[in-house]
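Descriptive structure summary
Each chain, written out:
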Amino acid sequence: MLYPISHWRRRAGALLSHALLLTAFAAAPAAGAVADGVEEVTDYLRGLNSLQADFRQITIPADGGAALEATGTFYLLRPNRFLWEYEDPSTQRIVADGKRVYMHDTELNQVTHRSQKQILDGTPAQLLASREPPEKYFDISNLERDDRRTWAELIPKTQDTDVVKLQIGFVDGELDTLLMEDRFGQLTRFIFTDVDRNPQLQYSMFRFERPAGADFLQVD
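A brief report on the enclosed structure follows. Everything numeric in this text was worked out from a predicted model, so none of it was measured.

G37, E40, V41, Y44 and L45 are the residues of helix α2 (residues 37-45) that are buried. The buried side chains of α2 occupy one side of the element, clustering within an arc of 115° when seen end-on. Taking the backbone nitrogen of V38 as reference, a side-chain oxygen 3.3 Å away marks D36 as the first, capping residue of α2. Looking at the residues trailing α2, positive phi occurs at G47, about 80°.

If you want it as structure tokens, here you go:
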């Protein structure tokens, strides 16, 4: 599971971001043939070995408060290894080494970690990192929206997950947007730019080294 980073900085234009994100979760009325988002998901994951992209993350709290925003870089090495490097408004690293997920808050110099399998069910990380067919974990259907993206909606099959649904948008066959709604009513949008498919990434990038002097907390 991906969690919002700590110590968010409130941004100007938060209400506008809130409105845009809520609108993004409502499918547009049908107007002709629906683009095949299901096929886009399958095609994109087929042959995907690694990924690198910059991201912008916008999170809407369940209480309808101001949007929280962060930026950083995402790295993926299949199977089951990924790294989210948050750069702004504060630095944080989320590393999955194939067995455990480590969350390092550099400001607090604190690391929490837990079993990767327990927290990834139904998440975007599971969708992208697993080599299993996506339909093993999700019910997938097409969405139509009045924008330039091809959309699919994914509902986790497992009940033991905080994620209610995912929506994924592609532009010209490239990953562009991921939307996530959790069972607490929180909405999160990831917008990807400078996407590099199948770059050469080293396994050492996804090996977490315990920082000197850090609090190290196991939560399972």
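It is worth spelling out the packing of aromatic side chains at this point. Ring pairs (aromatic) are described by centroid distance and by the angle formed between their planes. Considering all chains together, one arrives at ten aromatic pairs under this definition. On the basis of an interplanar angle of 50° and a centroid distance of 5.4 Å, the ring pair of Y44 and F170 is categorised as tilted. With a gap of 126 residues between them, Y44 in helix α2 and F170 in strand β9 (residues 163-171) connect regions that are remote in the sequence. Taking relative accessible area as the criterion, Y44 reaches 4% and is therefore assigned buried. On the accessibility criterion, F170 (1% relative accessible area) is buried. Consider the rings of Y102 and F208, whose centres lie 4.7 Å apart with planes at 5°: the pair is stacked.

It is worth spelling out the layout of surface pockets at this point. Taken as a whole, the second largest pocket holds about 220 Å³ of empty space. N80, G98, Q116, K117, L120, D121, Q126, S130 and Y137 are the residues that line the second largest pocket. Sort the elements by how many residues they give to the lining of the second largest pocket and helix α3 (residues 116-120) lands first, with three residues. Per-class residue counts for the lining of the second largest pocket are two nonpolar, five polar and two charged.

Let us now look at the pattern of salt bridges. Tallied over the entire structure, the rule returns nine salt bridges. The residue E132 makes a salt bridge to K136 at a minimum N-O spacing of 3.6 Å. Classification of K136 by relative accessible area gives partly exposed; the value is 47%. Connected through salt bridges with shared partners, the residues D147, R149 and D176 form a single ionic network.

Reading the values: rules and limits
Residues numbered from 1 in each chain as written. Predicted model: local features only at pLDDT ≥ 70, side-chain atom pairs only at ≥ 80, totals over all residues. Heavy atoms only, no water. Buried < 20%, exposed > 50% of the residue type's maximum accessible area, 1.4 Å probe, protein only. Helix = DSSP H or I, 4+ residues; strand = E, 2+ residues; numbered from the N terminus. Arc of directions from axis to C-beta. Polar contact = N/O pair within 3.5 Å; in protein donor to acceptor, adjacent residues only side chain to side chain. Phe/Tyr/Trp six-rings, centres within 6.5 Å; stacked < 30°, edge-to-face > 60°. 1 Å grid on protein atoms, 1.4 Å probe; cavity = no way out; pocket = protein on both sides within 12 Å on 5 of 7 lines; lining within 4 Å. Points joined across faces, edges and corners; volume = space filled by probe spheres on them. Nonpolar A, V, L, I, M, F, W, Y, C, P; charged D, E, K, R; others polar. Salt bridge = Lys/Arg side-chain N within 4 Å of Asp/Glu carboxyl O.

The quantities given are spatial measurements derived from coordinates; they are silent on function.
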